[in-house]
Amino acid sequence: MRPVLAVFFLAGCAIGPNYKRPTVEAPAAFRDQATGSDRSFADIAWWEVYRDDRLKELIHAALVDGYDARIAAARVEQSRAIAARIHGQLFPAIAYEADADRGRNAVFGSPNAQGTGSVTNGFDGFVGAAWELDLWGRVRRLNEQARSQYLSSEEARRGVLLSLVSQVATAYFELLELDEELAIAHQETDSFGDSLKLFNQRLAGGIVSELETSSAEAAMATSAAQVPELERQIAIKENQISVLIGRSPGAIIRGARLSDQPVPPDVPAGLPSQLLERRPDIREAEENVRAANAEIGVIVGGFLPHIGLSAVLGAVSPQLDDITSRKAGLWSVGAQATGPIFQGGGLRGQYLQAKEAWVEAKLQYQQTALNAFAEVADALVSRQKLAGVRGQQERAVRAYQDAVRISMQRYTMGNASYYEVLQEQQLLFPAEVALAQTRRNEFTAIIQLYQALGGGWNLKDATAWTGPGPVERASPK
């Protein structure tokens, strides 16, 4: 009785270490935040973060038709199939075989063998079953490993979807910022052109020198040269977005201007410990640790005997009616055990390799978590400080606009030279460009914060990620 109980006891256990989540020291709150909050920016779905309808259409297209999303889905299906194949090893394998033949055998030793011998028939059919008795849990560890690898691919897919949302949104705001720069370049060129016309009129009247007209013409040409360069950058950015959404390169329809874009709600970042449950890259890294832990059990199982059971049921007869009447039946059952005796240190080497692979996976998990804390802290400080930068730049732009207006009045009244006007204009336009870039950086910081927090973690599957209901696709008109 005791040996039987021992077998059942062993059958209920899986050899090798049981999984324990590696320790990660999560801070109580993110840097420069007094306290954490259960509410988090990551709780909001992406279509509530980004309010621009055109941007929503582009993100939806990337999640549905983008090659990155489709490739990630194919990898998940591969992992799912592998896990199903490994899971099948827990059950008996049943197969069948059937043969039928007819032939003439020559009489042995006859000098005239042709045409001699007898015609014989042969019929046989078998159904067999084989099963590895998983006493030590080696197959269960294999199954655990395959399942963790499948779940890792699922988390990798979620990471791809979140990354796609961020990439499309970032590229879109970069495109809007380039539009702003192009508009500023056109405005700058027109402004210098108006000055040039005025100076040419004054030159004809002998009021100004040719030096002033030459300076105005040079300033206009310099600003005009920015236009084709910005148009080139805009076309490249549109092509980038087109590839992200799985379409041929082409124009991209915009929504509101960058300066008119609604700012996402200011929601707390949440608790650092929440990242361990929400960030797809952290969850992917943890599943890799779990798979590496299971691999140790698989290797340890290689030290022990593999015990298999087999059974065959069938029939063999020269007459088909004997088989159908069950007169030629046969059966057999058996058990076999195989195991290593001497491998020259090979099995031990595999075991040590598996242990170090687990250490590597654990360290990568801890490093991924630490990087996540840093990314959130970086995005939080960027969002906070860039708001202050934008406020001061808006103030500077207003002041430069007043300075240009006043200097032009002074020039037309004869109280200042053209160089005073030129100096103020050359200060105004770069300030406007810097303001547009800061606005873009503000949106980029929000995008980075949403991604760093594992935004959309509560969207349970790929279908939920595409958003509620059908979305009108954006196409150039």
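Above this text is the structure in question.
Below or above, wherever it landed, is the structure these notes cover. A quick note: this is a predicted structure, and the numbers were derived from the prediction, not measured.

Conventions used here
- Position labels on residues start from 1 in each chain and follow its written sequence.
- Selection of residues for local features in this predicted model requires a pLDDT of at least 70, selection of side-chain atom pairs for listing and counting requires 80 or more, and totals for whole chains, interfaces and linings are taken over all residues.
- Excluding hydrogens and water, the side-chain values take into account all heavy atoms of the structure.
- The rule is short: rings of Phe, Tyr and Trp, with Trp giving its six-membered ring, pair when the centres are within 6.5 Å, and they are stacked under 30 degrees, edge-to-face over 60, tilted in between.
- Under the scheme applied here, a residue whose accessible area is under 20% of the maximum for its type counts as buried, over 50% as exposed, and between as partly exposed, the area being computed with a 1.4 Å probe on protein chains only.
- The secondary structure listing takes helices from DSSP runs of H or I that are at least 4 residues long and strands from runs of E that are at least 2 residues long, numbered from the N terminus.
- Sitting over a ring, as applied to charges here, requires NZ of Lys or CZ of Arg to be within 6 Å of the ring centre and within 35 degrees of the ring normal.
- Exposure above 30% relative accessible area and the absence of a salt bridge qualify a residue for a patch, where like charges join within 9 Å and nonpolar side chains (Val, Leu, Ile, Met, Phe, Trp, Tyr) within 5 Å.
- With residues, only the protein chains shown are counted as cover, and all accessible areas are computed by Shrake-Rupley using a 1.4 Å probe.
- The salt bridge definition used is simple: a Lys or Arg side-chain nitrogen within 4 Å of an Asp or Glu carboxyl oxygen.
- A fitted line through C-alpha atoms serves as each axis, taken over the contacting stretch for helices, and the angle formed by two N-to-C directions is quoted from 0 to 180°.
- For classification, angles of less than 35 degrees are called roughly parallel, those exceeding 145 degrees roughly antiparallel, those between 65 and 115 degrees roughly perpendicular, and all remaining angles oblique.
- By convention the crossing between two helices is left-handed if the near helix lies anticlockwise of the far one by an angle smaller than a right angle, and right-handed if it lies clockwise.
- Ten residues, namely Ala, Val, Leu, Ile, Met, Phe, Trp, Tyr, Cys and Pro, are considered nonpolar, four, namely Asp, Glu, Lys and Arg, are considered charged, and the remaining ones, Gly among them, are considered polar.
- Note on contacts: a residue pair qualifies if any of its non-hydrogen atoms lie within 4.5 Å across the two residues.
- Among buried residues, the Ala, Val, Leu, Ile, Met, Phe, Trp, Tyr and Cys ones that are joined through side-chain atoms within 4.5 Å form a nonpolar core.

A look at the packing of aromatic side chains
In step 1: Under the definition given, this model contains six aromatic pairs.
In step 2: Relative to Phe 173, the ring of Tyr 172 has its centre 5.9 Å away and its plane inclined at 70°; by these criteria the two rings are edge-to-face. For the pair Tyr 172 and Phe 173, a shared accessibility class is recorded, and that class is buried.
In step 3: For the pair Phe 173 and Phe 443, a centre-to-centre distance of 4.4 Å together with 15° between the ring planes defines the contact as stacked. Of this pair, Phe 173 sits in helix H5 (residues 138–204) while Phe 443 sits in helix H11 (residues 418–452), and the two are 270 residues apart along the sequence.
In step 4: With a relative accessible area of 3%, Phe 173 lands in the buried category.
In step 5: Among the aromatic residues, those joined into a ring-pair cluster are Phe 41, Tyr 50 and Tyr 450.
In step 6: The side chain of Arg 70 reaches across the aromatic face of Tyr 67, ending 4.7 Å from its centre.

Section: a nonpolar patch on the surface
In step 1: A contiguous nonpolar patch, built from Ile 94, Tyr 96 and Val 127 and spanning about 400 Å² of accessible area, is present on the exposed surface.
In step 2: Here Tyr 96 shows up in strand E1 (residues 93–105).
In step 3: Since its relative accessible area comes to 74%, Tyr 96 is described here as exposed.

Some remarks on the packing of helix H10 (residues 346–412) against H11
Between two packed helices, both the angle of their axes relative to each other and the distance between the axes serve to describe the pair.
In step 1: Where H10 meets H11, the closest approach of the two axes is 7 Å, and the angle between their N-to-C directions is 160°. Overall, the two elements H10 and H11 adopt an arrangement that is roughly antiparallel. The handedness of the crossing between H10 and H11 is left-handed.
In step 2: When the residues that make up the contact of H10 with H11 are grouped by side-chain class, the tally is 23 nonpolar, eight polar and ten charged.

Comments concerning the environment of Gln 89
In step 1: You can see Gln 89 is positioned in the loop between helix H4 (67–87) and E1.
In step 2: Distance in space between the C-alpha atoms of Gln 89 and Asn 143 is 8.3 Å, their sequence separation being 54 residues.
In step 3: Not counting residues up to four positions away in its chain, the partners in contact with Gln 89 are Trp 131, Val 139 and Leu 142.

Some thoughts on the nonpolar core
In step 1: Grouped together as the largest cluster of nonpolar side chains are 65 residues, with contacts concentrated most on Phe 41, Trp 46, Tyr 50, Val 376 and Leu 453.
In step 2: Top element by residues in this core is H5. It accounts for 14 residues.
In step 3: If you look at the next biggest cluster of nonpolar residues, it comprises 16 residues, including Phe 192, Ala 219, Leu 422 and Phe 429.

Let's talk about the environment of Arg 348
In step 1: Mapped onto the secondary structure, Arg 348 falls in helix H10.
In step 2: The sequence separation of Arg 348 and Val 300 amounts to 48 residues, and the corresponding C-alpha distance is 9.0 Å.

So, the packing of helix H8 (residues 280–301) against H10
In step 1: Put simply, H8 and H10 touch, their axes get as near as 9 Å, and they point 165° apart. By the angle between their directions, the pair H8 and H10 is classed as roughly antiparallel. The handedness of the crossing between H8 and H10 comes out as left-handed.
In step 2: A per-class count over the contact of H8 with H10 returns 16 nonpolar, four polar and five charged.

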